[in-house]
Amino acid sequence: EQEYHRDTLLLIFEAEYRRFALKRNGPGGFQEFYHLLQTIHRIPGVDVLLGYADIHGDLLPINNDDNFHKAVSSANPLLRIIITKREDEPVVFATNSLQRRKKGLGLTGLRTTGSSSTHQKNRPGLLIGSPQDFRQISSIIDVDILPETHRRVRLHKHGTHKPLGFYIRDGVSVRVTPQGVEKVPGVFISRLVRGGLAESTGLLGVNDEILEVNGIDVAGKSLDQVTDMMVANSHNLIVTVKPANQRNNVMHRGSKMSAGNTSMRSAGSTGSAPSHDSPSPASQSNPITASNSVAEGDSEDEDEDGDLIIENDSLPPYVSHHVTNGNNSNHNKDSPSRRPDSSTMVRPLPQSVSMPNSVGASLSNSPLAMSNHNGSPTHTASSSQESMREDGNIITL
Amino acid sequence: MKCIKHIIGLIYDKGLYSIFIYFEVGLWTSACPAVQRGDTTTGGVCRWSHTDITVCSGGKEDAFKGKVDREIYLNLFFYIANVPFSLVYFCLFQTVEHGFPHQPSALAFDPKLQLMAIGTKSGAIKIYGAPGVEFTGLHKDTTAVTQMHFLPGQGRLLSLLDDNTIHLWELVAGPPREVGGVKREGMVCLQEVCSYSLPGRPGIESCSATRVTVLLLLRSCELLCVGTEGGGVYFLDLPRLSLKDGQTLLQDQVTQSLPEDYRCGKSLGPVESLQEHPQQPGKILIGYSRGLVVLWDLSTRHANHLFLGKQQLESLVWERSGNSFVSSHSDGGYSVWAVASGNPYTHQPVSSSIPYGPFPCKAINKILWRTAQSGSPVLLYSGGMPRASYGDRHCLTIQQDKEHVTLDFTSRVIDFFTTSVLSLLLVEFDDPSALVVLLEEELVVIDLQTPGWPSLPTPYLAPLHSSAITCSCHVSNVPPKLWERLVNAGKAQQGHWPICGGKNMAPLPKQQELLLTGHEDGTVRFWDASGVALTPIYKLSTASVFHTDCDPSDDPQDPSNDPDAQQEEEWPPFRKVGCFDPYSDDPRLGIQKISLCKYSNKLVVAGTAGQVIVLGLSDERSDHLVDVSVVDLLQDREGFTWKGHDRLEPRLKPAPFPPGFQPLVLVQCLPPASVTAVTLHAEWNLIAFGTSHGFGLFDYHRRNAVLARCTLHPNDSLAMEGPLSRVKSLKKSLRQSFRRIRKSRVSGKKRAISTPTSKEANAALAEQEEVAPVQRRIEPRSADDSLSGVVRCLCFADTFLRDGTHHGPTLWAGTNSGSVYAYALEVPGVGLGRVCERSGAGEGSACAEAVLGKEIQLMHRAPVVSICVLDGRGKPLPDPYEASRDLATAPDMTNAHSVLIASEEQLKVFSLPKVSAKTKFKLTAHEGCRVRKVAMVVFSSTAQEDYSEHTLVCLTNLGDMHLFSIPGLRPQVRYDCIRKEDISGIASCVFTKNGQGFYLISPSEYERFSLSAKVLTEPLCSIHLDRPDGPAAQPQANGTHKNQTSQAEGGSGYTHAHTHTHTHTHAHVCFVIFLIFFLPPRLSFLSSPLLFFSSCYFS
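Looking at an unreviewed UniProt entry, chain B carries the name LLGL scribble cell polarity complex component 1, with the source organism given as Myripristis murdjan. The UniProt entry for chain B carries this comment under Sequence similarities (unreviewed entry): "Belongs to the WD repeat L(2)GL family."

As annotated in an unreviewed UniProt entry, chain A is Par-6 family cell polarity regulator alpha from Myripristis murdjan. Under the UniProt heading Sequence similarities (unreviewed entry), the note attached to chain A is "Belongs to the PAR6 family."

Here the focus is helix α6 (residues 480-490) of chain B. Residues and elements named next belong to chain B. Considered for burial, the residues of α6 that qualify are Leu-482, Trp-483, Leu-486, Ala-489 and Gly-490. The arc that holds every buried residue of α6, seen down its axis, measures 130°, which confines them to one face. Opposite the buried face of α6, by more than 90 degrees, sit the exposed residues Pro-480, Lys-481, Glu-484 and Asn-488. The elements touched by buried residues of α6 are β38 (469-478), β40 (512-519), β41 (523-528), β42 (535-541), β46 (611-618) and β50 (660-670). Looking one or two residues beyond α6, the residue adopting positive phi is Lys-491, at roughly 30°.

With that settled, the discussion passes to the sheet that holds strand β24 (residues 302-308) of chain B. Residue and element names in this part refer to chain B. Across the sheet, 5 strands lie side by side as β21-β22-β23-β24-β28; this open sheet has mixed pairing. Where the open sheet ends on each side, the last strands, each with one partner, are β21 (271-276) and β28 (345-346). In this sheet, β24 lies alongside strand β23 (residues 292-297) in antiparallel orientation, the contact comprising 6 bridges. Bridged to Asp-297 within β24 is His-302.

Residues and elements named next belong to chain B. What the 4 strands build is an open sheet, ordered β34-β35-β36-β37; its pairing is antiparallel. Each edge of the open sheet carries a strand with a single partner, namely β34 (413-420) and β37 (455-456). Pairing of strand β35 (residues 432-439) with strand β36 (residues 443-447) involves 5 bridges; the strand directions are antiparallel. The partner of Ala-434 across the bridge, within β36, is Asp-447.

Further remarks concern the confidence of the model for chain B. Residues and elements named next belong to chain B. Scored by pLDDT, chain B has a mean of 75; 72% of the residues are at 70 or more. Note on residues 1030-1099: pLDDT under 50 across the span, and 185 contacts to partners over four residues away in sequence or across chains. Predicted complex metrics record ipTM = 0.71 and pTM = 0.71.

Attention now goes to helix α1 (residues 30-41) of chain A. Since the α-helix advances by 3.6 residues per turn, residues separated by three or four positions end up pointing in the same direction. All names here are of chain A. An ideal rise of 1.5 Å per residue puts 16 Å on 12 residues; α1 measures up with 16 Å between its terminal C-alpha atoms. Restricting attention to buried positions, one finds in α1 the residues Phe-30, Phe-33, Tyr-34, Leu-37, Gln-38 and His-41. Down the axis, α1 shows its buried residues gathered within 140° of arc, on one side only. The outward face of α1, more than 90 degrees from its buried face, is lined by the exposed residues Glu-32 and Thr-39. Trailing α1 by a residue or two, Arg-42 shows a phi angle of about 60°, which is positive.

Another point: the pairing of strand β4 (residues 59-62) of chain A. A regular strand places its side chains on the two faces of the sheet in alternate fashion. Residues and elements named next belong to chain A. Judged by which residues are buried, β4 turns out to be covered on both faces: Leu-59 and Pro-61 on one side and Leu-60 and Ile-62 on the other are all buried. Relative to β4, strand β3 (residues 48-53) is paired through 4 bridges, and the arrangement is antiparallel. Within the sheet, the bridge partner assigned to Gly-51 lies in β4 and is Pro-61. Turn length for the β3-β4 hairpin, with the two strands adjacent in sequence and antiparallel, is 5 residues, and the turn residue Gly-57 shows positive phi of about 90°.

With the rule as written, the count across this model stands at 31 salt bridges over all chains. Across the pair Arg930(B) and Asp228(A) runs a salt bridge whose closest N-O atoms are separated by 2.5 Å. With Arg930(B) in the loop between α10 (923-927) and β64 (931-940) and Asp228(A) in helix α5 (residues 223-232), this pair bridges two chains. A relative accessible area of 6% means that Asp228(A) is categorised as buried. Between Arg525(B) and Asp521(B) there is a salt bridge, with its nearest N and O atoms 3.7 Å apart. Accessibility expressed as a relative area gives 11% for Arg525(B), which makes it buried. For Asp521(B), a relative accessible area of 23% puts it in the partly exposed group. One continuous salt-bridge network, built from bridges that share partners, spans Asp228(A), Arg792(B), Glu904(B), Arg930(B) and Arg932(B).

This chain's UniProt record puts "repeat: WD" (unreviewed entry) on residues 514-528 of chain B. For residues 514-528 of chain B, helix accounts for 0% and strand for 80%, while the C-alpha atoms at its two ends are 5 Å apart.

Moving on to the side chain of Ser327(B). All names here are of chain B. Mapped onto the secondary structure, Ser-327 falls in strand β26 (residues 324-329). Of the polar contacts made by the side chain of Ser-327, one reaches the side chain of His-329; its length is 2.8 Å. With residues up to four places along the chain from it excluded, the contact list for Ser-327 reads Leu-313, Ser-315, Leu-316, Gly-333, Tyr-334, Ser-335 and Trp-337.

Now for the pairing of β40(B). All names here are of chain B. The buried fraction of β40 amounts to 7 of the 8 residues, a majority that puts the element mostly inside the structure. The sheet contact formed by β38 and β40 spans 7 bridges and is antiparallel. Bridge assignment links Val-478 to a residue of β40, and that residue is Gln-512. Here β40 runs beside β41; their pairing, made up of 5 bridges, is antiparallel. For Gly-518, the partnering residue across the bridge sits in β41 and is Val-524. Adjacent in sequence and paired antiparallel, β40 and β41 are bridged by 3 residues, among which Gly-522 carries a positive phi angle near 85°.

Time to look at the nonpolar core. All names here are of chain B. Formed by 34 residues in total, the largest nonpolar core has its most connected members in Leu-514, Leu-516, Phe-526, Leu-603 and Phe-661. Those residues in contact with Leu-514, other than ones at most four positions away along the chain, are Cys-473, His-474, Val-475, Val-478, Trp-483, Leu-486, Phe-526, Trp-527, Ala-529, Ile-537 and Leu-596. Of all hydrophobic cores here, the second largest spans 33 residues; its members include Val-317, Val-326, Leu-379 and Phe-416.

The next point concerns unusual backbone geometry. All names here are of chain B. In this structure, Pro-239 follows Leu-238 across a cis peptide bond, with omega equal to 0°. Here Pro-239 lies in the loop between β19 (233-237) and β20 (242-243). One non-glycine residue, Asn-164, lies in positive phi territory at about 70°. By the element assignment, Asn-164 lies in the loop between β12 (156-161) and β13 (165-173).

Cut-offs and rules
Residues numbered from 1 in each chain as written. Chains lettered and ligands numbered in written order. Predicted model: local features only at pLDDT ≥ 70, side-chain atom pairs only at ≥ 80, totals over all residues. Heavy atoms only, no water. UniProt positions renumbered as here; feature names shortened; annotations may be inferred. Buried < 20%, exposed > 50% of the residue type's maximum accessible area, 1.4 Å probe, protein only. Helix = DSSP H or I, 4+ residues; strand = E, 2+ residues; numbered from the N terminus. Arc of directions from axis to C-beta. Contact = heavy atoms within 4.5 Å. Pairing = 2+ DSSP bridges. pLDDT = per-residue confidence, 0-100. Expected span 1.5 Å × (residues − 1). Salt bridge = Lys/Arg side-chain N within 4 Å of Asp/Glu carboxyl O. Polar contact = N/O pair within 3.5 Å; in protein donor to acceptor, adjacent residues only side chain to side chain. Core = buried A, V, L, I, M, F, W, Y, C linked by side-chain atoms within 4.5 Å.

The following block contains the structure:
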């Protein structure tokens, strides 16, 4: 058993520095660690936010088991932890924010940026919201079964008030067939609303051709039909697009991230792609499980979460049933009459950070952690559902 | 063969059949190697087109390739007869069109066969005889039919189109076919035999000289005279339609024989009229536009007589004796000319008059002169009105002696003719019995034998749109008692209908069906929809409940009242005729929703200004005051002001109500927005109604409001603006209509693209690219979308809402934003789980109560289209009274109920009383279409008499029908039914309970369709034809237009192998098209009307 020493950089209130050692395999969960810090700094009961600096110098949050483990694993061997009182203005985690902090802490960039989580390398000024706002908003799925020129994007509308924020239009798509180049009607993204969900993912762009909506091929469908399909699936929208800009395409696993390489590939693939273009129909029945990327549960289940049923207790129960019904009404007293979606209610917030490209790649290095993370909320959700069904007062489906 | 579960459907479209078979595993392929199996390893639905079906019939394997029609169906029956549990349910037939043809343009009458033909601007020809006798044909081109002429007695018809082509149509039996060793005659249909178009004269660029102006068919039916714009008369041989070379009479020939002073170097103008001499065949009267009339002898090719008229000619008509004729002119006058032998020139008419002079008058377009045995001749003419004062009226004048009536129509006169009772062989007098006038919007028939010339009610061709149809409702299986009372109330005069050709062979309908249409003027019309002819039964006006500016009490349906009203000292003596009146006095009177309880004879009618009227049937006239009750649906919500119309003012004095449905209670919603949903439960004496603001529950027995619930969302601003306002909505509708135009343009091009030849497609696409692209926003529905509070559907059900052991009355309401409210009702007299007799006086004082039981918010927030409670067996609950009077099987109350909620996007079945989702089908997510209409339909098996299944029928915004099993929501079949561009057609669609349906194909016509293989309503008729020599030409492969074929087969059904071996060598063969309902012993288990067989007898 090796022992590693770590520093704790304390910034509580007017800064307090502590340095202590922990066993790498012994830190337990996030809560344990949180309490440990509170004890060490003698601030029990004070709500604090934890952050750490990773190898790139980015200030990242620690607020659940997963990113705690991630933080621990990234320590070599020192792990700097920054503790902030929660009542303060929310800490903005961003690229190179640690460096900035060192220069002029609290002077710049501390304003909240809503729930925007866009992360772009070449724009260092861009800010990331506070950790409690983090939530998965999109994912690229089915990378291994789709042609390289295609991208299947899942937009998580759940729990956000942000608009999806995109428009589609009719257009002309060029296909390469054995007979030659052929023009066929297609549906394209025509506009992205600034600050909308679609734009903030960075995975969809203007003039991307829409090939499938939730596993259903849109070929031959009118713009209105595609619109209706998308609206009907809007709370869990999976669109397969052929990006207009093929350079930013996600590479297959193992392929190196190199700009030159990428452009070579896309140039080669645009010509040959279309004839064997159509995504596999298998994705229709089970679009998620085959993916190696982040996904939360089956879409069908998630959909079932939707309908909200409110039962009225003031219904005069029948005399014969008064006793059994009495229990129920008691239960119901403490449950709010109109609940939000069960997922938001049950799932611990915040969940996780989804980072495109560089960070995403590093995230996928720890598939165990991710799957672990994915598993737990759905479990809790379903179990709580079960219990609520038994209650019979509020049922979420 | 055990693999086949059942055949679930059949599509008949454009002569092709597609068959849907549901099976468990793919064993079927061993019998049918050509069939594509698809992904059916676990069972499923497979669609085959006819070409790849191989069917075993009677042990012998027949491969059907190429043109296949109903035989394949038959053979499937053979096949399936061997298969246990085989059930045939579905098919799609567009069976018959009800109502008045849209935009009629030509009229013809066959006095021998007593058939009438109407041609339309879209190139359709419809032939009508006695009620139930109908044939339809459709020209290849959608060009207006300008003229039509029957070849009397032959079942042939000539049509002249706007593109200068002449077409010959025939009622023909299809070619006989060999099926399963049995010879059968084909079906009878109206078929185009040949066509002809006059060539333009060489050297003259425009062919206007040979543009046909008039056609004359000689009585011998062997020659067709064609008058043209250039003044020439051409002669065509019939029935081959070939030009007789060298016979053409050009204008020069006529001009030569004219006196110098008349000639004066001018052209005679186009031929305006051609009339054959009534007594001397081979002599025709040719009238030229300039006024010259020539009596021409065809055999000697010489002008017998010249009438040197000076007034511009409009039409000519012979007097029966042939001694004189009448000409009508553009100045509004007519002249009588005597045909005297001797002097070949006549300069002046015998008499001349301008009936509506002396001021300038409009032209008399057509004139008829009919002699009568009883007295002086009857003169009928259209037009001739004084230009300044009545130039805009559409009039037709009937004159006989002193009697003079100017019929004043609301739409343009297209054409008219008279009918006679006597056979044409008695030649002394015309003796017109009725005048038939085709107007642009209706058909009016005047009885000329009854003094006063009253109008006759039409048994079909009724103008459905006399006031715009605002809603419709179908009631099937009407109890005979109610039927009788309705008919009495309507006191429809059964005057002898003058057009009685053909024989209706359709069996008497098993049950009486009512179609109720609500109209913009506040009337509800009851139609007999049991058969092919949609006959008006009774008209109910709700306007008399209210105090309106103009009193709409006059009843145009009652012609006996008319003569009193029309005695005015006015000249011309106008008389309003016809019931087409598109101008509503008050749009608030418009009917929006109708609900009828056929057992208790209670009717609920709801309208545009939030009025809900409960009516009861009474056989006596009654004067009473209607109770008025106001229900505030806003429920003290703050911050809303209604900017729409006011509510209707109820009449304060007792009003006289004629026998029929008489109002009992009037409930007025506040704000007075249009009623969007209504339902009636006569057993509980409750009505529920909804508007864009909320819904209410009313006990009409005790006259008290039970419940009012506001469904408005706080952000909903649009709901407050009534339908009559306003800038915003106008802008919105403009935007929408532009969008629609653009959309249709785009979709039209898309269709062009679907053809694989890519050059054109590419060109079209390149063109399309230039059009500014239409954008669509992708956003989930939010709670504050406009009009989210609109109540879309309401439903009463006796079910389990509180717990799983006690059921009771419930009310369900669904809104535009995906909310469903379920109320438990406390109805006095209706005990827990059982219905008590309402005789107890003590209970009469108790009031109904409603308690909110559950609220369901569908997450996708799509409008709730329909709610239906299913019993323990998964069947929809029966209608009120049906269970208690043993008219339907009692619902299963022992097993758990469930509720089916259909939104625009999904179908979902929830369990009750714990509302949890059981099954669902996400239609929009899969198909990209949205649900517009939903109905629960009972489909009976054609194979097993007593077996039937409940099925959910969905009509989507793309005009297709999706059928789902209940409660499993398994998709069964999909049919394309209505064009997706036909928005009003989709909106007007109404289903019957047994799988038929109606939708408007024009403002005045319902298309009737059938989804059930068992229940079909289609014309079955026979006509005796007297046709010289057989079919004129081999039927060309033309015009197998959808309408044409579907109608044509309606004309016959199946031909049966009752064949008399026969030869006909005589020139005249009596050609009888005859239909028999025949079931061969092997097929005796089939009682489908699909399987009629007809045969041709040749004697």
